[in-house]
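Coordinate analysis (summary)
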Amino acid sequence: MSSIITVSGLHKHFSVPKRRAGLWGTLKALARPEMTVVRAVDGISFTIQPGELVGYLGPNGAGKSTTLKMLTGLLVPSEGEVWVNGQVPWRERERYVASIGAVFGQRTTLWWDLPVVESLELLQHIYDIPAARFRDNLAQFRALLDMDSFLDTPVRSLSLGQRMRADLCAALLHDPVLLFLDEPTIGLDVVAKERIRQFIQHVNSEHGTTVLLTTHDLSDVEKLCNRVMIIDQGRLLFGGGLPHLMERFGGNRELVVDFAEEYPAVDVEGAAVVARDGLRVTYQFARQEITASALIGRLSARYRIQDLAVREPEIEATIRRIYEEKLLESP
Amino acid sequence: MAKHLRLYLRLIGVQLRGQLQYRTAFLMDALATAVLTMVGFGSLAMIFQRFENLGGWSLGEVAFLFGMVEFSFGTMDMLFSGFDPQHFGQQVRRGSLDQLLLRPLPITLQVLGSKFVLRRVGRIVQGALILLLGILASDVGWSVGKLLYLPIVLMSLVSFFGGLFVLGATLTFWTVESVEVTNIFTYGGSEMMSYPMHIYDEWIRRFFTFVIPAIFLNYYPALYFLDKPDPFDLPPSTSFLAPLVGFGTLVLALKVWDVGLRHYQSTGS
Amino acid sequence: MRLFWELSKLSFARQLNYRAATLAGLVTNLFFGLLRAAVLEALYGSREEVVGISLQAAITYTGVTQALIAFTMIFGWYEVMDSVYSGEVASDLLKPMNYFTFWLARDVGRAVATFLLRGLTIMAAYALIFPIIVPQGAEQWLALVVALILALLVSFAWRFLVNLAAFWTPNALGIGRFAFILSWFLSGFLMPLRFFPDWFQAICSLTPFPQVVNTVVEVYLGLLTGADLLRALGVQLLWAIGLILASQLVLRAGVRRLVILGG
């Protein structure tokens, strides 16, 4: 058994009391609540190998966070098995959480009124990190995350991006073999997102830390993950590489060409003109029929071209299509 | 164990430094807390000359009981702030409890270390002063036994009140609306325990004997210290049940707390 | 006046929505009422009357004071502070209405709702448990209504004044806590003021606080009649006018300060 995470037949069902209107309804609901069962996670199985960086994708309420909570031991499943790093997360909680790192994007694990560095020192004691290793790790992370400017600032005065960097650092000081991230880039600007992605990549490739992250942001997945799992309504819809996903469901690509001079007709076989604006023409073509380079070859043989760009179909649109059209069945 | 104690002290230390950052606010809060206690007892003391006694107890004797309860409740309120149902309920809703569950430390220790309200010192000091006043004014016939038993009773009261807080916090795993009702048992209970229990209607007294065994922690020990006869004719050893009941309540509450935590981990809400 | 009415109605309706909180508040008020009644009963012992107050009146007193808690917000009120600190104050000051009147309108709605939901309910519960005293005759009822209205005005003006501290200092919460403990202590909420030594009663009478609780209680219990009653209501009225004027003056200074600071 070489996988670091093995999940099989995982279910989590919640009983939610039905709300009733009015004072009388409230009283009745108190006395004899009627329950609705919500299947937040409804039979999920997957494995993750050591060193993988996997994206866990899905719309709001798809069951992403519930899965993550079960993997981190916060929740006990209704049914199914979870083995992470040879342990069952919700048994022997203290031993288990010492071996993982987790950041839940919206919340901080740091002490609100303390300067960042003091929070980190407190964590050193909580995780029993040897002094030398703590020093090394902190030195390394503060450089990578560019934390020097706010190391002495109380957490409450940090910007969201700074706080996320501090939290990432906090989650990794004890050298966990696994890192769970729930929406690590939510609410951040482009620069901050990029920095965090680079850091996650670094931790994954240099330290060999296995990373599982949930996200809304498809560029996270695009730039980071070698594998993606898509979940909707508690079920896995897809598991595999991103190129594979785009190949199967990506639809048409586009080529945008800026011609050097005006041509009366700019048709080319294998592609269709979908937009024309002065010298700029946009073609659409299917990846199964023609490659981008062949198409460019045909065009440049015929016209003088100033500039061009290939536009991949947006992952976002693709994934939305998968949710909406239920293109996939659970594996 | 020693490691846990050290960590607890560290966590508390962090709280203290945070609170002392805002010195003016801290002093004002501490003073307000102190004044609140003093005002309650002060009015009773001021009107006492018109009445001479309260259910047969002199002002000094009432002060003894009142001070004992105030001192213990204040101490508990400082140590167990993390379990304060109101505060804890908020933590659960905000997901802060999850953050604690992600750390490799016993959860009880972390909740205890998550909040430490130093300004309760005001109430503790006032309680101690009133207790002292009671001791001076009601001439307790001190014996070795009484000297040894007083700190034990105070610790038992702290544990007992702590147990009530833990139970209240546990209830918030099921319903946040429980908080206000819980307040009746904690704040209301301590207020009630500040006066001799025989002045209450029988049903109230029964409730605080059999359902919430408060009477063994304040009234019976006080009877022993003040050498007063027991109007309910229980055996004299009843006065020495305080540690059993006090620590027992806390232990039992922590067991229920474990059940609540398991419930939380199966519902996540 | 229309705006006043609308604001009152809105805050009245909002108050009716806090069902769980109302119920919990009721239970708490009642519990503490029983507790205080027991203490007074124990103090009375076999006495029938102390300084003109019978045991029955003393017990009724605990009920009336518990019923007044929500009505006059005896334990404190920090809403104006909150709105100053949150910045809401800026848009509220632009409303075509005096800032004091704006809050008064809302407080009246709130007070009427809590009077019905909590005040009357507590008195009804008391009537079931104890043989309480009930005001007699149209004259006393009328006096009670007047005293209640004036008590609300005095209490509101005082609470508003305390809240205005937020215009000057970021620590207004601490000031408020003190101010409200003080008013609580001197209002006759803890024990009827007549029980206290004369010097203490003298101190109290220099403050507006007895107007919020003690006067209402004395009118309710029929301890004041004829000229005494009229004088008591007159004093209440004077305090109300004085405090309203004071809060207008302080408000004007506060707004000026806010405008200067705001640029």
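Read on for an overview of the structure. (Residues numbered from 1 in each chain as written. Chains lettered and ligands numbered in written order. Predicted model: local features only at pLDDT ≥ 70, side-chain atom pairs only at ≥ 80, totals over all residues. Heavy atoms only, no water.)

1. Let's talk about the overall build of chain B
Regarding its fold elements, chain B presents 12 helices and 0 strands. Ordered by position from N to C terminus, the α and β elements of chain B give α-α-α-α-α-α-α-α-α-α-α-α. Here the C-alpha radius of gyration of chain B, 19 Å, is about what a compact globule of 269 residues would show, namely 18 Å. Counting only C-alpha atoms, chain B reaches 55 × 40 × 35 Å along its principal axes. Across the 269 residues in chain B, those meeting the buried criterion constitute 57%. For chain B, contacts bridging at least 24 residues in sequence account for 79% of all contacts bridging at least 6. In the form shown here, chain B has an accessible surface area of approximately 11,000 Å², with 67% of it arising from carbon and sulfur atoms. Distance between charge centroids for chain B: 14 Å, based on 19 positive and 17 negative side chains. (Helix = DSSP H or I, 4+ residues; strand = E, 2+ residues; numbered from the N terminus. Rg over C-alpha atoms; globule rule 2.2 N^0.38 Å. Buried < 20%, exposed > 50% of the residue type's maximum accessible area, 1.4 Å probe, protein only. Contact = heavy atoms within 4.5 Å. Areas by Shrake-Rupley, 256 points an atom, 1.4 Å probe, with all protein chains shown as cover. Lys, Arg positive; Asp, Glu negative; His and termini not counted. Charge placed at Lys NZ, Arg CZ, Asp CG, Glu CD.)

2. A short note on the overall build of chain C
Along chain C, the regular secondary structure elements total 11 helices and 2 strands. Helices and strands in chain C line up, N terminus first, as α-α-β-β-α-α-α-α-α-α-α-α-α. Whereas a compact globule of 263 residues would reach a radius of gyration of roughly 18 Å, chain C reaches 19 Å, a difference of no more than 12%. The dimensions of chain C, computed from C-alpha atoms along their principal axes, are 65 × 40 × 35 Å. Scored against the burial criterion, the 263 residues of chain C give a buried share of 55%. Of the contacts formed within chain C by residues at least 6 apart in sequence, a portion of 80% connects residues at least 24 apart. Accessible area for chain C stands at about 11,800 Å²; split by element, carbon and sulfur atoms hold 70% of it.

3. A look at the interface of chain B and chain A
Taken together, the 25 residues of chain B in the interface contact 28 residues of chain A. Taken over both partners, the interface formed by chain B and chain A buries close to 2,500 Å², and the fraction arising from carbon and sulfur atoms is 55%. In terms of surface lost to chain A, no three residues of chain B exceed L102, R103 and P104 of chain B, which account for 26% of the buried area on that side. The interface formed by chain B and chain A contains 4 salt bridges. Our count for the chain B to chain A interface comes out at 11 residue pairs in polar contact (both at pLDDT 80 or more). Those elements that provide at least two residues to the side of chain B that touches chain A are α1 (2–21), α5 (96–101) and α12 (242–267) of chain B. At 7 residues, α1 of chain B tops the list of elements feeding residues into the side of chain B that touches chain A. Residue composition of the side of chain B that touches chain A, grouped by class: 12 nonpolar, 7 polar and 6 charged. (Buried area = accessible area lost by both parts, 1.4 Å probe. Salt bridge = Lys/Arg side-chain N within 4 Å of Asp/Glu carboxyl O. Polar contact = N/O pair within 3.5 Å; in protein donor to acceptor, adjacent residues only side chain to side chain. Nonpolar A, V, L, I, M, F, W, Y, C, P; charged D, E, K, R; others polar.)

4. Some details on the sheet that holds strand β11 (residues 272–277) of chain A
All names here are of chain A. The antiparallel open sheet is built from 4 strands, whose spatial order is β11-β12-β10-β13. Two strands in the sheet have a free side with no partner beyond their single neighbour: β11 and β13 (305–311). For this sheet the average axis-to-axis angle between neighbouring strands, irrespective of direction, equals 20°. Summarising the sheet, strand β10 (residues 253–259) and β13 pair through 6 bridges and their orientation is antiparallel. Within β13, the residue paired with L255 across the bridge is V310. (Pairing = 2+ DSSP bridges. Axes fitted to C-alpha atoms, helices over the stretch in contact; angles between N-to-C directions.)

5. A few points about the layout of surface pockets
Taking a probe equal in size to a water molecule and rolling it over the atoms shows the remaining empty space. In this model, the second largest pocket occupies a volume close to 1,500 Å³. Looking at the second largest pocket, it is lined by 42 residues, and the ones nearest its centre are W112 and D113 of chain A together with Q15, H87 and K115 of chain B. If you list the elements that add at least two residues to the lining of the second largest pocket, you get α1, α2 (23–47), α4 (85–94), α5 and α6 (107–114) of chain B together with α8 (172–186) of chain C. Broken down by class, the residue content of the lining of the second largest pocket amounts to 17 nonpolar, 17 polar and 8 charged. (1 Å grid on protein atoms, 1.4 Å probe; cavity = no way out; pocket = protein on both sides within 12 Å on 5 of 7 lines; lining within 4 Å. Points joined across faces, edges and corners; volume = space filled by probe spheres on them.)

6. What about the packing of aromatic side chains?
All chains considered together, the criterion is met by 55 aromatic pairs over all chains. Pairing Y219 of chain B with Y220 of chain B gives two aromatic rings, centres 5.7 Å apart and planes at 85°, and the pair type is edge-to-face. Both residues of the pair, Y219 of chain B and Y220 of chain B, count as buried. Lying over the aromatic face of Y224 of chain B, K146 of chain B brings its terminal NZ or CZ to 5.7 Å of the ring centre. Directly above the aromatic system of W103 of chain C lies the positively charged group of R106 of chain C, at a separation of 4.6 Å from the ring centroid. (Phe/Tyr/Trp six-rings, centres within 6.5 Å; stacked < 30°, edge-to-face > 60°. Lys NZ or Arg CZ within 6 Å of the ring centre and 35° of its normal.)

7. Some remarks on a nonpolar patch on the surface
A surface patch of nonpolar side chains, about 440 Å² in accessible area, is lined by V121, V125, L129, L132 and L136 of chain B. Tracing the backbone through its elements, the reader meets V125 of chain B in helix α7 (residues 121–137). (Patch = residues over 30% accessible without salt bridge, like charges linked within 9 Å, V, L, I, M, F, W, Y side chains within 5 Å.)

8. Some remarks on the sheet that holds strand β1 (residues 5–17) of chain A
Residue and element names in this part refer to chain A. Pairing in this open sheet of 3 strands is antiparallel, and the strands run β2-β1-β4 from one edge to the other. What marks the edges here is a single partner per strand, and that holds for β2 (35–48) and β4 (79–84). Taken pair by pair, the neighbouring strands of this sheet meet at an average axis angle of 30°, ignoring direction. Across the sheet, helix α2 (residues 64–71) touches β1, β2 and β4, and the angle it forms with β1 is around 115°.

9. Comments concerning the packing of helix α2 (residues 19–44) of chain C against helix α3 (residues 55–72) of chain C
Residues and elements named next belong to chain C. Where α2 meets α3, the closest approach of the two axes is 9 Å, and the angle between their N-to-C directions is 155°. In terms of orientation, α2 lies roughly antiparallel with respect to α3. The way α2 lies across α3 gives a crossing that is right-handed. Touching N29, F32, G33, R36, A37, L40, E41 and Y44 of α2 are L55, A58, I59, Y61, T62, T65, Q66 and I69, all from α3. (Parallel < 35°, antiparallel > 145°, perpendicular 65-115°, else oblique. Left-handed = near helix turned anticlockwise from the far one by under 90°.)

10. Considering unusual backbone geometry
Residues and elements named next belong to chain C. In this model, V51 sits at a positive phi of 35°, which is unusual for a non-glycine residue. As for its position among the elements, V51 is in the loop between β1 (49–50) and β2 (53–54). Positive phi is not limited to glycine here, since M73 has a value of about 50°. Mapped onto the elements, M73 comes out in the loop between α3 and α4 (79–86).

11. With respect to the pattern of salt bridges
All names here are of chain A. Tallied over the full model, the rule gives 36 salt bridges over all chains. Two residues, D220 and R197, come together in a salt bridge whose shortest N-O distance is 2.6 Å. Of this pair, D220 sits in helix α8 (residues 218–224) while R197 sits in helix α7 (residues 190–207); the two residues are 23 residues apart in sequence, bridging distant segments of the chain. By relative accessible area, which is 4% here, R197 ends up buried. Here the salt bridges do not stand alone but share partners, grouping E194, R197, D220 and K223 into one network.

Functional significance is not addressed by these values, which are geometric in nature.
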